Each structure stands twice: as structure tokens, then as C-alpha cells.
Amino acid sequence: MKTTFGHAALVLLFALFAGAVECRADDDLQALLTWQAGATVSASAVNQYGEDRCFTAIAIPDGVWQRMQGKTYQPNPTVKRSDLRYLKVLHWDHDNRIHIGEMVCNATIAQVLVDIFRELYKMKYPIERMLLPDVYDADDERQMRDNNTSCFCYRVVAGSKVLSKHALGLAVDLNPLYNPYVKVRKDGTVFVQPSTGKPFADRKKYNRYLIDRNDPAYRLFIKKGFKWGGDWKNVKDYQHFEY
């Protein structure tokens with residue numbers, strides 16, 4: 001009786017597990033079909049959907065354009081909708097999970113970025129989050145605290161009237177919480193952004209998303225024609241790659 005019951009229980013458990021896996025796969029596939037940015041998906045769902053379809057650059061869809069209004073996009077004489085592209089990519093996080101990512105960038109570097117993120121995906125390079133800054137109402141501090149990787153946001157360089165490279169869609173901030181902006185003020189105090197990134201301002205200490213000159217993402221971005229903010233002299237912007 002014990003053996004019979006044990007076998008039946010195992011059969012039932014397997015059936016329940018198989019059903020759960022099938023249900024999860026269906027959910028993952030639906031997330032890919034509707035491109036639910038931020039969703040976690042399985043490798044099997046990616047294979048079923050088609051990996052090639054997960055790495056594309058397209059004209060800004062109407063829904064995305066509406067989301068951007070009054071947030072990352074402000075009426076201006078410099079950047080038009082036609083100057084921008086919407087990227088669809090996948091990325092791994094440090095816990096070995098696959099996520100659906102999205103990004104808006106300048107059309108001139110759209111394919112370059114698609115190629116970069118596909119290479120990073122292949123090598124399982126960890127990127128924690130990749131959502132449009134509009135999710136955070138284009139609040140840079142908020143999205144950096146959430147370690148969100150992004151590109152386009154129409155804004156000026158802090159403390160100036162000069163357009164940021166982000167305003168042109170020509171700069172990417174990668175894993176910004178763990179790779180903060182660091183500036184030593186004239187009075188000797190240190191400004192770190194995001195403010196919660198202070199523990200990661202010491203670049204001699206290991207962190208799970210650390211960017212340095214030995215980092216695969218650094219080498220890839222530099223190879224593709226980008227410059228790294230970590231090489232700047234007056235300030236250090238360890239998250240920042242600009243074209």
C-alpha cells in the first residue's frame with residue numbers, strides 16, 4: 001500500500017509540476033508576444049518566440065510615444081520623433097534570470113546598441129533592469145536608485161544649460177546604482193548620484209555589477225565607438241557610455 005500510494009503521489013506531483021511549467025511557459029510567451037518590459041521569461045519561451053525577434057530597433061510605436069510625452073520627451077527644436085528608435089532586447093540579471101528590456105535611443109546608434117545588447121545577452125552579462133525612464137516619470141535619481149539601465153531623456157546637464165548626450169539619445173547609463181556619478185566639490189565634499197550609490201563609489205571594492213576597464217561591457221562599448229564616463233578627469237560617471 002505504501003509503495004502504491006507513493007507511486008500515485010509521485011505521478012500526481014509530476015502532473016502538477018508539468019502543468020505549472022506549461023502554464024509558466026504560456027505566460028512567458030504571452031509576455032514576449034505583448035512585449036511586457038520588465039517581465040522575467042524562460043529560455044524555452046525565448047526559443048519558442050524566436051531569439052531574433054527579441055533584438056530589434058523600430059520606429060517609436062504610438063503607445064510608447066504617448067508614454068514619453070511630458071516625461072522623457074519635451075517639445076524642442078532639436079530632437080524629433082523620427083530621430084529616435086525603440087529597442088527591444090533581452091538581458092540576464094546577476095541571478096541568472098532572463099528579462100524583457102526596452103530602450104529609446106538615437107536612430108544613428110540603434111543597430112549598434114542592438115548588436116551590443118545581443119552580445120551581452122549571449123555572454124550572460126548581468127543587467128538588472130532596462131525600462132524606459134518614463135516608468136519613473138523621467139526622475140533620474142529614482143531610476144538610478146532602482147538600478148535601471150536607460151538611454152534617451154531630453155534634459156540638460158545638471159547645473160548647466162547644455163543638452164546632455166541623453167537628450168540626443170546618444171548615451172547609455174548601465175547599472176547606475178552600482179556605477180554611480182562621483183564628483184569631488186571644491187570644498188572637498190563628495191557628491192554621489194544616486195545618493196544610495198555611495199557604498200559603490202569606492203571602485204576598489206567588488207560589487208555584483210561593477211564596471212571597470214576589464215569589464216566585458218566596457219570593452220564592447222569602447223570597441224563600438226563609445227567613450228566611458230569613468231575615464232573623465234574632473235568627475236567620474238562610471239555608469240555612462242556616450243557615442
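Right, let's walk through the structure included here. Values in this document were obtained by computation on a predicted structure and should not be read as measured data. (Residues numbered from 1 in each chain as written. Predicted model: local features only at pLDDT ≥ 70, side-chain atom pairs only at ≥ 80, totals over all residues. Heavy atoms only, no water.)

Next up on the list: the packing of aromatic side chains. Applying the stated criterion to the full structure yields 13 aromatic pairs. Note on Tyr181 and Phe191: the rings are 6.2 Å apart at their centroids and 70° apart in plane angle, and the pair reads as edge-to-face. Of this pair, Tyr181 sits in strand S6 (residues 181-184) while Phe191 sits in strand S7 (residues 190-193); the two residues are 10 residues apart in sequence, bridging distant segments of the chain. The class for Phe191 is partly exposed, based on a relative accessible area of 31%. Centre to centre, the rings of Phe221 and Phe241 are 4.5 Å apart; their planes meet at 15°, and the pair counts as stacked. Of this pair, Phe221 sits in helix H6 (residues 216-223) while Phe241 sits in strand S10 (residues 240-242), and the two are 20 residues apart along the sequence. Taken together, the ring pairs connect Phe117, Phe221, Phe226, Phe241 and Tyr243 into an aromatic cluster. Between Arg53 and the ring centre of Tyr49, over which it is positioned, the NZ or CZ distance is 4.0 Å. For the cation-ring pair, Lys124 lies above Trp92, with the distance from its terminal atom to the ring centre recorded as 4.4 Å. (Phe/Tyr/Trp six-rings, centres within 6.5 Å; stacked < 30°, edge-to-face > 60°. Helix = DSSP H or I, 4+ residues; strand = E, 2+ residues; numbered from the N terminus. Buried < 20%, exposed > 50% of the residue type's maximum accessible area, 1.4 Å probe, protein only. Lys NZ or Arg CZ within 6 Å of the ring centre and 35° of its normal.)

Here the focus is the environment of Pro199. Relative to the helices and strands, Pro199 resides in the loop between S7 and H6. Between the C-alpha atoms of Pro199 and Tyr178, which are 21 residues apart in sequence, the distance is 8.4 Å.

Strand order in this open sheet of three strands is S5-S10-S8, and the pairing throughout is antiparallel. If you trace the sheet from one side to the other, it starts and ends with strand S5 (171-173) and strand S8 (227-228), each paired once. Where S8 and S10 come together, two bridges link them in antiparallel fashion. When the bridges of S10 are listed, Lys227 appears paired with Glu242. (Pairing = 2+ DSSP bridges.)

We now examine H6. For H6, the complete set of buried residues consists of Ala217, Tyr218, Leu220 and Phe221. In a view along the axis of H6, the buried residues occupy a sector of 170°, so they form one face of it. Buried residues in H6 make contact with helix H4 (110-122), S5, S8 and S10. Measuring from the backbone nitrogen of Ala217 back to the side-chain oxygen at the start of H6 gives 3.1 Å, which picks out Asp215 as the cap. (Arc of directions from axis to C-beta. Contact = heavy atoms within 4.5 Å. Polar contact = N/O pair within 3.5 Å; in protein donor to acceptor, adjacent residues only side chain to side chain.)

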